[in-house]
Amino acid sequence: MTPPTALDPLLSQLCFPLNAFACATWLEEGYVDYLHYGLFDAEHPDLAAAQQQSTALILDRLPPPGTHILEVGIGLGTTAALLIKRGYRVTGIAPDPAQVAIARRRARGEACVAETRFEDFPPPPEPFDLILFQESAQYLAPRFLFATAQDWLSPGGQVLVLDQFALQSTDSRESLLHVGSEFAGHAERQGFRLLEHLDLSAKATPTLDYILRILTAHDDALRQLLPQSNAELEQLRQAVAANRKRYHQGVLGYSLYRFRVGA
């Protein structure tokens, strides 16, 4: 666990709503290590432990140390720093300048961190062995994601995704999230083989309860820290509450997908 620290002013400069989540977490916990969902259970009852369980799922599925990993959406650089410590070569990208600044600092210059979108990132001079999408795949068209990954990966390279998904396909989509089964279908059509799928929805759902609680508890402080209007912060709380309801209804969920390029 990271010891309590003073609020990093860059946290309030993150793109909205990540700035709200990050600052509310700092106000509640005294530190912020990650921006992603946690996986809660009896052994991981608090946010730090739940987020670390999510990271542990990733670490347990990586190729051998020394291989090259692309992290799409580098967050605050905490995962990249762990990967470097374990002997991996890491390239991280994010379009948010505040994220990139924090990640570069946490990675201490040992990771190549670029301020760019996945769509604008140039082809790498050498292939990656694994591409990690942790809550970033939802913003990309699956056909483009897997076509690009196929071009960028070494033979037998992998794509590892932890993200929110729609659990059912309907004509009136309540969410713009990818439908999990359709996402996997796109991967197969682009030449990837599904190695693993874990439905983590039950463990991820308490994250929304946590977020809604801290946004409400620290509403006054967030209004002072963030450039967003009161109306925007209220809309965010309503959106989190709506998503929490959809999780409990089984409309939305959270999954791990792992694919390998080629047969």
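What you are looking at is a predicted structure, and each value in this text was computed from that prediction instead of being measured.

K.L.:
Any chance you could explain the packing of helix α5 (residues 142-152) against helix α6 (residues 180-189) here in plain terms?
P.N.:
Between two packed helices, the angle of one axis relative to the other and the distance separating the axes together describe the packing. Their axes nearest at 9 Å, the elements α5 and α6 cross at an angle of 35 degrees. Our pair here, α5 against α6, has a crossing hand that is right-handed. Residues P142, R143, L145 and F146 of α5 lie in contact with α6, whose contacting residues are F183, H186 and A187. A per-class count over the contact of α5 with α6 returns 5 nonpolar, 1 polar and 1 charged.

K.L.:
It is not clear to me how α5 should be interpreted in this structure. Could you clarify?
P.N.:
Residues lying three or four places apart along an α-helix face the same way, a consequence of the helix completing one turn every 3.6 residues. By the burial criterion, the buried members of α5 are P142, L145, F146, T148, A149 and W152. Buried residues of α5 fall within an arc of 165 degrees about the axis and therefore sit on the same side. Facing away from the buried surface of α5 by more than 90 degrees, the exposed residues are R143 and D151. Lining the buried residues of α5 we find β1 (68-72), β4 (128-134), β5 (153-166), α6, β6 (192-199) and β7 (252-261).

K.L.:
Please explain the sheet that holds β5 as it appears in this structure.
P.N.:
If you trace the 7 strands from one edge of the open sheet to the other, you get β3-β2-β1-β4-β5-β7-β6, paired in mixed fashion. Sheet topology places β3 (112-115) and β6 at the edges, where each strand pairs with a single neighbour. Neighbour-to-neighbour, the strand axes of this sheet turn through a mean angle of 15 degrees, independent of strand direction. Relative to β4, β1 is paired through 4 bridges, and the arrangement is parallel. Looking at the pairing, E71 lines up with L132 of β4. This element, helix α9 (residues 230-249), spans β5 and β7 of the sheet and lies at about 75 degrees to β7.

K.L.:
Would you mind going over the environment of C23 with me for this structure?
P.N.:
Here C23 shows up in helix α1 (residues 18-29). With a relative accessible area of 0%, C23 lands in the buried category. It is 16 Å that separates the C-alpha atoms of C23 and A103, two residues lying 80 residues apart in sequence. Ignoring sequence-local partners within four residues, the contact set of C23 consists of L7, L11, S12, L222, L225 and L226.

K.L.:
Would you explain empty space enclosed by the protein in this entry?
P.N.:
Over the atoms rolls a probe the size of a water molecule, and its path tells where empty space is left. Tallied over the entire structure, the rule returns 1 cavity of 30 Å³ or more. Empty space within the largest cavity amounts to approximately 60 Å³. Lining the largest cavity, in full, are T25, E29, Y31, V32, D33, Y34, L47, A48 and Q51. Contributing elements (two or more residues each) for the lining of the largest cavity: α1 and α2 (47-59).

K.L.:
What's the story with the state of the cysteines in this structure? I'm lost.
P.N.:
Linking two cysteines covalently via their sulfur atoms produces the bond known as a disulfide. Considering all chains together, one arrives at 0 disulfides under this definition. With no disulfide of its own, C15 lies closest to C23 among cysteine sulfurs, the gap being 12 Å. According to the relative accessible area criterion, C15 is partly exposed, its value standing at 37%.

K.L.:
I keep staring at the side chain of T116 and nothing clicks. Help me out?
P.N.:
Relative to the helices and strands, T116 resides in the loop between β3 and β4. On the accessibility criterion, T116 (15% relative accessible area) is buried. Once residues lying within four places of it in the same chain are set aside, the contact partners of T116 are I93, A94, P95 and F121.

K.L.:
What exactly am I supposed to notice about α6 here?
P.N.:
Residues of α6 that are buried: G180, F183, A184, G185 and A187. Where α6 ends, the next residue or the one after it, G191, has phi of about 95 degrees, a positive value.

K.L.:
How should I be thinking about the pairing of β4 in this particular structure?
P.N.:
The side chains of a regular strand alternate, residue by residue, between the two faces of the sheet. With 6 of its 7 residues buried, β4 lies for the most part within the structure. Relative to β5, β4 runs parallel, the two being bridged by 6 bridges. When the bridges of β5 are listed, Q134 appears paired with L162. Between β4 and its parallel partner β5, the chain crosses via α5, and the hand of that crossover is right-handed.

K.L.:
Got a minute to help me understand the pattern of salt bridges in this structure?
P.N.:
Should their charged atoms come close, side chains of opposite charge can pair. Scanning all chains against the criterion turns up 12 salt bridges. A salt bridge links D8 to R105; its shortest N-O distance comes to 2.2 Å. Taken together, the residues span a long stretch of sequence, with D8 in the segment before α1 and R105 in helix α4 (residues 97-107) at a distance of 97 residues. Under the relative-accessibility criterion, D8 is labelled buried at 17%.

Definitions and cut-offs
- Residues numbered from 1 in each chain as written.
- Predicted model: local features only at pLDDT ≥ 70, side-chain atom pairs only at ≥ 80, totals over all residues.
- Heavy atoms only, no water.
- Axes fitted to C-alpha atoms, helices over the stretch in contact; angles between N-to-C directions.
- Helix = DSSP H or I, 4+ residues; strand = E, 2+ residues; numbered from the N terminus.
- Left-handed = near helix turned anticlockwise from the far one by under 90°.
- Contact = heavy atoms within 4.5 Å.
- Nonpolar A, V, L, I, M, F, W, Y, C, P; charged D, E, K, R; others polar.
- Buried < 20%, exposed > 50% of the residue type's maximum accessible area, 1.4 Å probe, protein only.
- Arc of directions from axis to C-beta.
- Pairing = 2+ DSSP bridges.
- 1 Å grid on protein atoms, 1.4 Å probe; cavity = no way out; pocket = protein on both sides within 12 Å on 5 of 7 lines; lining within 4 Å.
- Points joined across faces, edges and corners; volume = space filled by probe spheres on them.
- Disulfide = S-S within 2.5 Å.
- Right-handed = clockwise from strand over helix to strand, strands pointing away.
- Salt bridge = Lys/Arg side-chain N within 4 Å of Asp/Glu carboxyl O.

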